[in-house]
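# Coordinate inspection notes
So you can see what is in the structure, the chains are spelled out below.
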Amino acid sequence: MESCTNSMSDPVCLDVTDASGRYSSQFFFGNDFWLGSHTLCQELQNPRTNKVIPPFKVNFHVAILRLRLPHELTPRGRQISLGVCLPKACRGEDISALLQPEVPATEAALLPHTLQVLRVRPIPGEYRLLRDTKLHIMATVTAILLVMIAVGTAYENHLERQQRRRDKAPSNNNEADNKLASPLDKISADMRQLAHKGNSDSDISTSDSFREPVSVLGQVFLSFSALSNARKILHCGAAPKDSLTCVHGLRFFSLAWVIMVHTYLQVFAIAENKTLRTLTERNFMFQTVSNATFSVDTFFFISGLLVTYLYFKTLRPEPVARRSQDCSSQFQYGARRFFTLVGYRFIRLTPAYMFVLGVAELNMRWIKNNSVFEPVSLDQINCDRYWWRNALYINSLFPMKDMCMLWSWYLANDTQFYIIGILILLVSIRHFRVAVAAFLAFLVSSWVVTGLVSVHYQYKVRVEEPFALFDELYDKPWTRLGPYLVGMFSGWFLFKTKCKVHVSKFTTVACWVLSLMVLASLVYGVLNAQLGVSGSAIYVALGHTAWGLALAWIVIACCTGHGGYINTLLSCRLLHPLSRLTYCAYLIHPVLMASVSFQMDGPLHLHNALVMVLYFGNIVTSFLLSFAISMTFEAPIVRLLKVAISPKPSRTNSIEE
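Residues numbered from 1 in each chain as written. Predicted model: local features only at pLDDT ≥ 70, side-chain atom pairs only at ≥ 80, totals over all residues. Heavy atoms only, no water.

## Observations concerning the pattern of salt bridges
- Going through the model one piece at a time under the given rule, you end up with 15 salt bridges.
- With a shortest N-O distance of 2.7 Å, arginine 231 and glutamate 160 are connected by a salt bridge. One end of the pair, arginine 231, is in helix α10 (residues 226-234); the other, glutamate 160, is in helix α6 (residues 133-168), and 71 residues separate them in sequence. (Salt bridge = Lys/Arg side-chain N within 4 Å of Asp/Glu carboxyl O. Helix = DSSP H or I, 4+ residues; strand = E, 2+ residues; numbered from the N terminus.)

Below, the structure written as C-alpha cells:
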C-alpha cells in the first residue's frame with residue numbers, strides 16, 4: 001500500500017481507493033453507510049475484465065465506527081459503517097490501527113469530536129453455507145419429500161388415466177349394477193358428490209374421483225400428489241352456502257397489511273436517508289403503517305371465529321349413555337378430545353413452521369457472514385439455542401432479545417388462545433354458564449392487566465414508536481386475547497342464528513357506520529390525539545377488543561346478507577387461493593425480505609414510490625414461495641392426518657379439511 005500512498009495517479013491504486021467508502025453527503029439526513037462497493041473490490045481481481053489488476057490480492061472489510069460530533073451538530077453519537085478495500089494480508093487489528101486516529105490523551109478531552117473503531121469484519125467471513133450440517137439435513141428431508149411428491153403425482157396421473165379409460169369403455173351392466181346397489185351405496189355416492197362440491201371455507205376437493213378403492217399405502221402416496229394438492233389450493237369454485245366466505249378476504253387483506261409494514265421496516269434498515277422516516281411519519285396516511293398492529297388482531301379474530309363456528313357446526317349429539325357417565329369418565333372423554341384437537345393442530349402447523357425456522361437461521365447466518373450491513377436480528381444464535389420454544393409455541397413468553405423469528409410471536413399467541421378456546425368450548429357443552437363466566441373473566445382480566453402494565457411503564461401512544469414496550473405490551477398473550485374472544489362469540493352467534501339475522505335497514509346502516517368509524521379512529525385517530533398516560537392505557541387496553549367488535553359486525557353482516565359490496569369484495573373467489581396460502585406466506589415473507597435487502601452492495605435511497613414497488617414485489621414473491629412450501633410441507637401433512645384418522649380404503653381422492 002505504500003506504492004499507492006506515494007503514487008495516487010496509479011490506475012490500480014485509484015480503483016482500490018474508489019472501491020472503499022468515504023463520506024459523500026446526507027450525513028445529517030441519516031446517512032450512516034459509507035460502504036463503497038464490495039462488488040467492485042472483488043471485480044478488480046478479475047483478469048477477464050481488467051487490463052491491469054492489483055499486484056496483491058485484495059479483500060473487503062466493513063469497519064463499524066462510533067463518531068461523536070459537537071452537540072449542536074449531532075446530539076447523539078452516530079454509528080458509521082465504513083467499507084474498505086485493502087490487501088488480503090491485512091487483519092482486523094491492522095485495519096483498526098489504521099483507522100483509529102492517534103490523539104494524545106491530554107488533547108482527547110479537549111476535542112469536540114471523537115472517533116472510535118468498534119469492530120472490523122471481513123466480507124465474506126469464514127462461514128461456509130455449503131458445509132453447514134443443518135443445510136445438509138434440510139436438503140435431505142426436502143429431497144425425500146420431493147421424491148414422494150413425484151411418486152404421488154405419477155400415481156395419481158396413472159389412476160386418472162385408468163379412470164378415463166373406464167369412462168370411455170361401453171358397459172352393458174350399468175342398469176343391473178344400479179339395481180343391485182344398496183341404499184347405503186347410493187347414500188355414500190351422494191356424500192362423495194357433496195364432498196366434491198366443497199365443504200368448509202378453507203377447503204376444496206379435487207376434481208376427479210376414483211371409483212375403485214385406494215389402499216392405505218396408495219392414499220399415503222396420493223397425499224403428496226402435486227395434482228390434487230394444487231387443485232385444492234388454487235380452487236376458485238363456489239363455496240357451500242353455510243361457509244363464511246368473507247373470511248378469505250379479511251385474511252388476505254390483513255396479511256397484505258402486515259407485509260406493507262414489514263416492507264417499510266425492510267427499507268428503513270438499509271436506507272441512507274433515514275431522516276426521511278421522520279418526515280414520512282408526519283404524514284396522516286403513515287398511520288396505516290405505524291398502527292398496523294391491528295392487522296394481527298384480525299388474524300386472532302378470524303381464528304376465534306372459525307374455531308368456535310366449526311366446533312359447534314361439527315358437534316354431534318351426545319349419546320344418552322355418555323350423559324349418564326360419572327364425572328371421572330366425562331373428564332377422561334373431554335381430555336381425549338382436547339388432546340386430539342390440540343395434537344391435530346400441532347402436527348398440521350409445525351412441519352412448515354420448523355422448515356421456515358431452519359431457513360431463517362441459515363439465511364441469517366449467511367447474511368451475517370456475507371452482507372455489508374449488520375442486521376439487528378440474532379436468528380443465527382437464537383434459532384439454534386431456543387428453537388424448542390418455537391416448537392412448543394411459547395416463544396412469545398420470553399424477551400424479544402431471545403426470540404427466534406421475531407414475527408412468530410403471533411403463532412405462539414394464537415396457539416395459546418386456541419388452547420383456551422378449546423377448553424371453554426369443551427366446558428360449554430355441559431356447563432354453558434361456567435363457560436360464559438370463564439369467557440368474561442378472561443376478557444376483563446385482559447383489559448385490566450393491559451391497562452395496569454401501560455400505567456406502570458408510563459406508556460404514551462406515539463406514531464413514531466409503534467413497537468415501544470414490545471416485551472411488556474405488544475406481543476404478550478394477555479394483552480392480545482380480546483379479539484380472539486370476540487371472534488369466538490361471533491362464531492357462536494352465527495351458529496346459533498344459522499347465519500340468518502333480520503334487522504331493519506336503519507339498524508344495518510347505523511351498525512356499518514359505527515363499525516367503520518371505530519376502525520378508522522383506532523388507526524387514524526392517534527397522530528394529533530396527544531394521549532396521556534391514562535388515555536394511552538385505555539387505548540391499548542380496549543383498542544384490540546374494539547377492533548374485534550367492529551370486525552364482528554362486518555362478518556355477521558356479510559354472512560347474514562347485509563354485507564353489500566363489502567361482502568362481494570371480501571368473498572371474491574379469486575381471493576380464496578391467496579387466503580389458503582396466508583399461513584406459509586406469513587412465515588416466509590420476512591425471510592425473503594432479509595435475504596433480498598442484505599444482499600445489496602450499498603444502501604437504498606428511500607422514497608415512498610420505491611417502497612410501494614418493493615411492497616408489491618414482496619407480496620407476489622411471498623405467495624409464490626408460500627405455494628411451494630404449502631405443496632411440500634403443509635398440504636401433504638393435512639392429507640396424511642386424514643389417512644391416519646380414517647385409514648380405511650377410500651374410493652375417492654378428495655380430501656376433507
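After that view of the structure, there is still more to cover.
## Remarks on the sheet that holds strand β1 (residues 33-34)
- Pairing is mixed across the open sheet formed by four strands, whose spatial order is β1-β3-β2-β4. This sheet does not close on itself; its edge strands, each paired only once, are β1 and β4 (114-123).
- Alignment of β1 against strand β3 (residues 78-87), held across two bridges, turns out to be parallel. Directly across from tryptophan 34, in β3, lies its bridge partner leucine 82.
- Contacting β2 (58-68), β3 and β4, helix α4 (residues 92-99) runs over the sheet at an angle of about 150 degrees to β4. (Pairing = 2+ DSSP bridges. Contact = heavy atoms within 4.5 Å. Axes fitted to C-alpha atoms, helices over the stretch in contact; angles between N-to-C directions.)

## Points about the state of the cysteines
- Summed over all chains, the structure comprises two disulfides.
- Each sulfur of the disulfide joining cysteine 41 and cysteine 85 lies 2.1 Å from the other. Note on the cysteine 41 and cysteine 85 pair: the S-S dihedral is about 80 degrees, so by sign convention the disulfide is right-handed. Residue cysteine 41 is found in helix α3 (residues 38-43), and its partner cysteine 85 is found in strand β3; the two are separated by 44 residues along the sequence. Residues cysteine 41 and cysteine 85 agree in their burial class; the two are buried.
- Here cysteine 383 connects covalently by a disulfide to cysteine 404, the sulfurs 2.0 Å from one another. Since a negative S-S torsion denotes a left-handed disulfide, the cysteine 383-cysteine 404 link at about 85 degrees is right-handed. A residue pair is termed long-range when its members are at least 10 positions apart, and cysteine 383 in helix α17 (residues 379-391) and cysteine 404 in the loop between α17 and α18 (409-428) qualify at 21 residues. Judged on exposure class, the residue cysteine 383 and its partner cysteine 404 are both buried. (Disulfide = S-S within 2.5 Å. Buried < 20%, exposed > 50% of the residue type's maximum accessible area, 1.4 Å probe, protein only.)

## So, the environment of serine 371
- Of note, serine 371 is situated in the loop between α16 (327-370) and α17.
- Judged by its relative accessible area of 1%, serine 371 is buried.
- In sequence terms serine 371 and glutamine 599 are 228 residues apart; their C-alpha atoms lie 5.8 Å from each other.
- If near-sequence neighbours (up to four positions away) are discounted, serine 371 is found in contact with Arg121, Ile123 and Phe598.
- From its side chain, serine 371 meets the backbone nitrogen of phenylalanine 373 in a polar contact 3.0 Å long. (Polar contact = N/O pair within 3.5 Å; in protein donor to acceptor, adjacent residues only side chain to side chain.)

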